[in-house]
Amino acid sequence: MKTNAIKFAAAALLAGLAMSGTAFGQDYPTKPVTVVVPFSAGGPTDTVARLIAEVMSKDLGQQVVVQNVGGAGGTLGAGQVATAADDGYTLLLHHIGMSTAPSLYRSLPYDPQTDFATIGLITSVPMTLVARKDFEPDTLDELIAFVKANGEDITYAHAGIGSASQLCGMLFMEALGTQMTTVPYQGSGPAMTDIIGGQIDLLCDQTTNTTSQIQAGEVKAYAVTTPERLGNLPDLPTTAEAGLPGLQVGVWHGLYAPVGTTPEIIARLGSSLQAALADPTVIERFAELGTVPVSAAEATPAALTEMLTSQTAQWKGIIDAAGIYAE
Amino acid sequence: MDIIASLGLGFSVALDPINIFYCFIGVLLGTLVGVLPGIGPTATIAMLLPITFSLSPTAALIMLAGIYYGAQYGGSTTAILINLPGESSSAVTAIDGYQMARKGRAGAALATAALGSFFAGTVATLLLAFFAPPLARAALNFGAPEYFALIVLGLLVSIALAHGSLLKALGMIVLGLLLGMVGQDIYTGQPRFTFGVRELYSGLNFVSVAVGVFGVAEILRNLESEKGRDVMVKTVTGLWLSKADFRRIIAPVIRGTALGSLLGVLPGGGHILSSFASYSTEKRISKHPEEFGHGAIEGVAGPESANNAAAQTSFIPLLTLGIPAHPVMALMVGAFILQGITPGPNVINDQPALFWGIIASMWIGNVLLVLLNLPLIGLWVKMLSIPYRALFPAIVLFACIGCFSINQNVYDIYAIGFFGIVGYVLIRFGCEPAPLLLGFVLGPLLEEHLRRAMIISRGDPMIFLERPISATLLGLAVLAVVIAALPKFRKKRNEVFVEED
């Protein structure tokens, strides 16, 4: 009796060991996965991450924890993930800033293109060009003429160095060949406050921050910077329709792992990401943010790599020409 | 009539047992994180965001709001008991609150803080209900020049009131301003005083600096002589307020509430000024200013009321315009969005039950807080009888965990140690930490608004005089300096910041 019990226990133990050994690859993940968001909690990128993490947790069978590591324009959090263990338990969710950091920060301690394995694109949040509601021009055409005529008398608000609103402003001024007076703020919130309060003229910001203000008539909107109109702002023309096809910009978000993460783990995370992007709640919440999840074909390593490469080159040209850098 | 009906709707939502339950959870958590040094409402709300997914939007937002204003109640507890402020607002409470505790009046100080906060919370809730939209509109008249002028006034009123150690107070403010400059310049992106450390790009963490110069420095000072240690006063005389105390706190509570309510509405940093402004006011008009810094109960009553009123009214820009006034409100925006509600001017019309429910829940939350906190006073005061050798490692440990939890940045922990030593050295030189914190908190705001105003005016300083609000505020600032310089007032002038001899 006694020996049988011991034998049984030993066999069970061996079987357990054997199973855990063979199943090592497929078993990922066996502990919670951390997604680093290199910005503070509550912001648009953080919101995207939390919506995705909720569904990915169910799909992976392990909690996906969002960790905010803000600072230095997102380069601090990205830098941490670049040097993290490549075991698939530390990921990075970053936006367009991944492609602009090498141009803005001259002593970046990591290379966005070689220190990370791409998992997939997530979404591209459209941007809208808005002004204080008593600002003279009413259409994009009028705005263009007005900006060209008044140049630096016009104040353009943005959310700080490397922010999407700064990039959009750079692109807008490049497209017009005119300079405005740019006024940096600490984040989108204070910038929007001053637009609503009529303290400042123009702002180009993500729909996350502008849609409710546009709908309430608190700000004047000129155009959306995407190829197609937005579902919840059907009357707002696209920049191409309104006569400024050069102003195409979206805040694209991607999911990354440290370079060296095995293809099996990347594939597992990719399928989980695709499941999250097809989730009805995620689609619904994204719609309220004025955006849509990317297609399954874009939620892939190849699509994200391609986006990162082309955007890094594009922004290098624009940022170098504007002579803007953070250090 | 309309407002009455709306408030009725609000209370019907807020009095739903489920919502009362989450309101209670919120204020309880808020009190606890407020009491634990270092862990603030920002970290707590960020950590709880995923949990709120499973709740209804109303319950989730009521709970998160409860954490925020609950932390304002709890934050004063550690400031009073162990000289460890968790937020800029309770740094002011620590000045006289801690002195009261050392004199065995910790119970009275805590009761004052709780009662003052309750009164302020009630008034601010009514303000929110009746005047939120017009107040938010009025606040929008404040642009960069107005904020600059307001902060100049705030700083000058504080300096003008100091005497005796005026030079040291000024020196501390300047040191604070310099420390506030550490990090990436928001206008050019250039790193300043970072010595190549990327972890310092976001600047020094307020909590680390405050815990260092107040808490750790105090601990070091107490460790100087094993026998002469007087921090743990074993004999606590009376947990409750005397009749005389009540008479002394009524006016400061009302003034603090008024100041805090108004400043809290301003999204560009008004809430930070509220407790400093209240403290300066109380000391200025007090008949016995010499008591300030030595345990004046007005020095607890005024600032505590002001900071709670401001905490409450800082919801006004968020709820009526969708504008976050500070990082905690930015988190609330995130919470709204995660619940599928985009905060903005339409919330009041599209989601009346939610809007009025949150407002009504704030009053209920304040009732719960006062019911929760008054009985706890006895318990907190007992904490003072914990042996110091057990208490102080625990304090430092909690502070480190708390600071680290906000940004996962080890430099926030190094900063606690560094500023603990700095604070100790300053105490030995007879310099006080309060002006340093004032400079540290207001310096970056001063610079931000000054430079923004100058960018908008394209380099023309006349912008500060051409705009009526800013010109008025600057005029008041000049007046404050003139009054302070007049001989008649100089005799009465007193030391705002000097906490002890």
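Residues numbered from 1 in each chain as written. Chains lettered and ligands numbered in written order. Predicted model: local features only at pLDDT ≥ 70, side-chain atom pairs only at ≥ 80, totals over all residues.

1. Describing the overall build of chain A
Of the regular secondary structure elements, chain A holds twelve helices and nine strands. Taking the principal axes of the C-alpha coordinates as reference, chain A spans close to 95 × 40 × 30 Å. By residue count, 55% of the 327 residues in chain A fall in the buried class. Considering only contacts within chain A whose residues lie at least 6 apart along the sequence, 78% involve residues at least 24 apart. (Helix = DSSP H or I, 4+ residues; strand = E, 2+ residues; numbered from the N terminus. Buried ≥ 20, exposed ≤ 12 C-beta atoms within 10 Å, placed from the backbone. Contact = placed C-beta atoms within 7 Å.)

2. Re the packing of helix α5 (residues 88-102) of chain B against helix α6 (residues 106-139) of chain B
All names here are of chain B. At their nearest, the axes of α5 and α6 sit 7 Å apart, and the two run at 145° to each other. On α6, the residues that touch Thr93, Gly97, Met100 and Ala101 of α5 are Ala106, Ala108, Ala109 and Ala113. A per-class count over the contact of α5 with α6 returns six nonpolar, two polar and no charged. (Axes fitted to C-alpha atoms, helices over the stretch in contact; angles between N-to-C directions. Nonpolar A, V, L, I, M, F, W, Y, C, P; charged D, E, K, R; others polar.)

3. Notes on the confidence of the model for chain B
All names here are of chain B. Here chain B shows a mean pLDDT of 83. Residues at 70 or above account for 92%. This stretch, residues 495-501, has a pLDDT under 50; its non-local contacts, to residues over four places away or in other chains, come to 25 contacts. Two summary scores accompany this predicted model of the complex, namely pTM at 0.82 and ipTM at 0.79. (pLDDT = per-residue confidence, 0-100.)

4. Some details on the domain arrangement of chain A
A common way to state how big an interface is: give the accessible area lost once the parts meet. Residue and element names in this part refer to chain A. Splitting chain A by domain gives domain 1 (31-125 + 251-322) and domain 2 (126-224). Computed over C-alpha atoms, the centres of domain 1 and domain 2 are 27 Å apart. Across the contact, 14 residues belong to domain 1 and 13 residues belong to domain 2. By residue number, the principal contributor to the side of domain 1 that touches domain 2 is helix α5 (residues 97-104), which donates three residues. (Domains from an automatic or database assignment.)

5. Describing the interface of chain A and chain B
Across the boundary between the two partners, chain A contributes 44 residues, which contact 43 residues of chain B. Within the residue set of the side of chain A that touches chain B, elements represented by two or more residues are α3 (44-60), β2 (64-68), α4 (75-82), β6 (181-184), α8 (188-196), α9 (207-215) and α11 (280-288) of chain A. Of the residues forming the side of chain A that touches chain B, the biggest block, six residues, is contributed by α8 of chain A. Considering only residue class, the side of chain A that touches chain B consists of 14 nonpolar, 22 polar and eight charged.

6. Quick notes on the pairing of strand β8 (residues 219-224) of chain A
Residue and element names in this part refer to chain A. In terms of burial, β8 is a largely internal element, six of the six residues being buried. Taken together, the five bridges between strand β4 (residues 116-132) and β8 define a ladder with antiparallel strand orientation. Paired with threonine 128 across the bridge in β8 is valine 224. (Pairing = 2+ DSSP bridges.)

7. Points about the nonpolar core
In terms of nonpolar packing, the biggest core is built from 271 residues, with Val35, Ile52 and Leu91 of chain A together with Leu64 and Ile80 of chain B touching the most fellow members. The leading source of residues in this core is α6 of chain B, at 19 residues. Both of domain 1 (31-125 + 251-322) and domain 2 (126-224) of chain A provide at least three residues apiece to this core. (Core = buried A, V, L, I, M, F, W, Y, C linked by C-beta atoms within 7 Å.)

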